[in-house]
Amino acid sequence: MMGVPLVASLYIELSWIQVALAAGLVVVSGILSIALRLGMEKSLMIASVRTVVQLSLIGVVLTWVFAVDKWYIVVLLMAFMTLTAGHAALQRISRRYKGDWLDGVIAMGVSTWTVLAYAVFVVLQDVDPWYRPQYTVPLMGMLLGNALNGVSLGIGRLGEELVARRTQIETLLALGATRWEAASESLRTAIRTGMTPITNAMMVVGLVSLPGMMTGQILAGAEPMHAVAYQIVIMFLIAAATALGTVASVLLAYRRFFNDRHQFEYWRLR
Amino acid sequence: MHDNSPILEAKNLCRTVAERRLLDDVSLSLLVGRPLAIVGSTGSGKSLLVRSLVMLEPIDSGEITFGGKCVRPSHVPEFRRNVFYLHQKPAIWEGTVEENLERPFELAIHRGRNYDVDRAKSLLDQIGRPTSFLTQRAEDLSGGESQITALIRALLLNPTVLLLDEPTAALDADSTLAVERLVFEWFRGQADSRSFIWISHSPEQVRRLDCEVVKMDQGRVAT
């Protein structure tokens, strides 16, 4: 197992007063919003409050989960995270269809749980017990957060493609194309769209951006090269979960829009 | 195939959407050599009927047979190779007219068959279009030229039945006559094994088609 020394004395423990000082920066942003009449001060305030409340809550939950140390509690927490992520993935898309929530949850679940299992049993290997929340919960969070983007972008783009290409798809079907041949252009575009953010992130990581997890480890006192090794692994896991999630969600949606009689059920799009 | 055998047949087709009966027990037989014209007001179910005939639309109940046999789901692409549906505004892809004509041959169902440039030129010749039409860019085509391109694209695949869904509704007089001529020539070329259904709103066109007329009204075949 790759050792990451987390020694309490190596990092500055934050007090709530220090957190409040950081919140002062949000106030500055709010003042800017008022001065420039951006009308964003209310949403900035709500977002800031949500950040504090949500992160504090997860802090409490994680503390409890770490203390209880039972596999079913960890699995339950991750199942809840998966359901929430599946729901969130569909909130941002404009073209909804019946059953999209289930497709989102299945795609997110299959992709992230498979990659997490691979990470725990194949990559990290020494996670003992296998459900150890210190590893599984943060890994799952990162996988879900990124797969969510891929699923959301992929399904959203597919809906737009199907509307824009409806005549093309029907013309192809009329010419004798199979449902797969008729849909493949739209499916490819949707999958590419879902994969673009993670591919772009991998292109510039370390050059333009320092990932949050790596920064967190370094701030907590880890050796930079150890943090880097972890980050590389994480990037690959995230890329795999995003790819799997995007492909799965787009294919599940495809099955809903194209039946085995090679008909395009365009009316399913709302 | 015998003259009196239905090449394409719909038996008791029904389709209801949001409690509205769009197709109400519709039966129809298309015989080889005996084309049909379908007329009826907007929303009477004409388009839905021909789209259902080519299985682009689902049906709640009923049966569609081709050559006396029920079309199984796995045979739908094969069926559509023989029964071609021409949309009022069919898709034309970016590129030249010729690239559009070649496109169907990339599909698995047409693999092994080749694009016949001489046949394409001959079809163009039938409607007095020069060979240079093939190199024209798709984005520069008028509505009429697009429809002619789509029809030639279909005819190059040698279908047995054409289902024409108001193919000339948005076209000028010249393009309308060109489309009619292409269909008539194709049909007369092998009238003993081919047939077509033409949806039309124009009484003059129906007269020119000179075939049996079926009237649709509120999802039913009006008697």
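Residues numbered from 1 in each chain as written. Chains lettered and ligands numbered in written order. Predicted model: local features only at pLDDT ≥ 70, side-chain atom pairs only at ≥ 80, totals over all residues.

Draft legend 1. Quick peek at the overall build of chain A. Along chain A, the regular secondary structure elements total 9 helices and 0 strands. The order of α-helices and β-strands along chain A, N terminus first, is α-α-α-α-α-α-α-α-α. Classification of the 270 residues of chain A by burial places 33% in the buried group. Taking all contacts inside chain A whose residues are at least 6 apart in sequence as the whole, residues at least 24 apart take part in 75%. (Helix = DSSP H or I, 4+ residues; strand = E, 2+ residues; numbered from the N terminus. Buried ≥ 20, exposed ≤ 12 C-beta atoms within 10 Å, placed from the backbone. Contact = placed C-beta atoms within 7 Å.)

Draft legend 2. Up close: the sheet that holds strand S5 (residues 69-70) of chain B. Residues and elements named next belong to chain B. One open sheet holds the 4 strands; their spatial order is S2-S1-S4-S5, and the pairing between them is antiparallel. A single partner strand is all that each edge strand has here, and the edge strands are strand S2 (20-31) and S5. Relative to S2, strand S1 (residues 6-17) is paired through 8 bridges, and the arrangement is antiparallel. Its bridge partner being in S2, Leu8 is matched across the sheet by Leu30. (Pairing = 2+ DSSP bridges.)

Draft legend 3. Here's a closer look at the nonpolar core. Ranked by size, the top nonpolar core spans 111 residues in total, and within it Leu143 of chain A together with Leu163 of chain B carry the most contacts. Here this core gets 12 residues from one element, more than from any other, and that element is helix H5 (residues 133-164) of chain A. Those residues in contact with Leu163 of chain B that sit more than four places away from it in its chain are Val50, Leu53, Val54, Val83, Phe84, Tyr85, Leu86 and Ile197 of chain B. (Core = buried A, V, L, I, M, F, W, Y, C linked by C-beta atoms within 7 Å.)

Draft legend 4. Quick peek at the interface of chain A and chain B. At the interface, 15 residues of chain A touch 20 residues of chain B. Sort the elements by how many residues they give to the side of chain A that touches chain B and helix H6 (residues 166-174) of chain A lands first, with 6 residues. Of the residues contributing to the side of chain A that touches chain B, the split by class is 4 nonpolar, 7 polar and 4 charged. (Nonpolar A, V, L, I, M, F, W, Y, C, P; charged D, E, K, R; others polar.)

Draft legend 5. How the structure looks around the sheet that holds strand S6 (residues 83-86) of chain B. Residue and element names in this part refer to chain B. The sheet built from 6 strands is open, its strands ordered S6-S7-S8-S3-S9-S10 with mixed pairing. The sheet is open, and its two borders are formed by S6 and strand S10 (220-222), each paired with just one other strand. Averaged over all adjacent pairs, the angle separating strand axes in this sheet is 25 degrees, with direction ignored. When strand S9 (residues 212-217) meets S10, the two strands line up antiparallel, connected through 3 bridges. By the bridge assignment, Lys215 is partnered in S10 with Ala222. (Axes fitted to C-alpha atoms, helices over the stretch in contact; angles between N-to-C directions.)

Draft legend 6. Region of the structure containing the domain arrangement of chain A. If you check the domain split of chain A, you get domain 1 (1-68) and domain 2 (70-268). Summarising the inter-unit geometry, the C-alpha centres of domain 1 of chain A and domain 2 of chain A are found 26 Å apart. (Domains from an automatic or database assignment.)

Draft legend 7. Here's a closer look at the packing of helix H3 (residues 71-91) of chain A against H5 of chain A. Residue and element names in this part refer to chain A. In contact at an axis separation of 9 Å, H3 and H5 are set at 15 degrees when each is read in the N-to-C sense. One element, H3, and the other, H5, form an angle in the roughly parallel class. The interaxial crossing formed by H3 with H5 has right-handed handedness. Contact with H3, carried on its side by Val74, Leu77, Met78, Met81, Thr82, Ala85, Ala88 and Ala89, involves Pro133, Thr136, Val137, Met140, Gly141, Leu144, Leu148, Val151 and Ser152 of H5 and no other residues of that element. (Parallel < 35°, antiparallel > 145°, perpendicular 65-115°, else oblique. Left-handed = near helix turned anticlockwise from the far one by under 90°.)

Draft legend 8. The environment of Leu171 of chain B, seen in detail. Residues and elements named next belong to chain B. When you line up the elements, Leu171 lands in the loop between strand S7 (161-165) and helix H6 (173-189). On the neighbour-count criterion, Leu171 (21 C-beta atoms within 10 Å) is buried. A C-alpha to C-alpha distance of 24 Å links Leu171 and Leu157, two positions 14 residues apart in sequence. Setting aside anything within four residues of it in sequence, one finds Leu171 in contact with Gly143, Gly144, Gln147, Thr176 and Val179.

Draft legend 9. Layout of the environment of Asp103 of chain A. Residues and elements named next belong to chain A. When you line up the elements, Asp103 lands in helix H4 (residues 100-124). With 91 residues separating them along the chain, Asp103 and Ile12 place their C-alpha atoms 44 Å apart. Ignoring sequence-local partners within four residues, the contact set of Asp103 consists of Ser249, Leu252 and Ala253.

Draft legend 10. How the structure looks around helix H2 (residues 41-68) of chain A. All names here are of chain A. Here H2 contains 28 residues, and its C-alpha end-to-end distance of 40 Å stays within 8% of the 40 Å for a straight helix at 1.5 Å per residue. The element H2 is largely exposed, with a buried count of 1 among its 28 residues. Where H2 terminates, the next one or two residues include Asp69, which has phi positive at roughly 55 degrees. (Expected span 1.5 Å × (residues − 1).)

Draft legend 11. Layout of H4 of chain A. Residues and elements named next belong to chain A. The first and last C-alpha atoms of H4 sit 34 Å apart over 25 residues, in line with the 36 Å expected at 1.5 Å per residue. Along its length, H4 reaches its greatest deviation from straightness, about 25 degrees, at Tyr118. Buried residues of H4: Asp100, Asp103, Gly104, Val105, Ala107, Met108, Gly109, Ser111, Thr112, Val115, Leu116 and Ala119, and no others. Directly after H4, the chain includes Gln125, whose backbone phi takes a positive value near 65 degrees. (Bend = angle between axes of the 7 residues up to and from the residue.)

Draft legend 12. Inspection of unusual backbone geometry at higher detail. Residue and element names in this part refer to chain A. At the junction of Asp128 and Pro129, the peptide bond is cis and its omega measures out at -5 degrees in the coordinates. As for its position among the elements, Pro129 is in the loop between H4 and H5. With a phi close to 65 degrees, Gln125 is a non-glycine residue in the positive phi region. By the secondary structure assignment, Gln125 is in the loop between H4 and H5.

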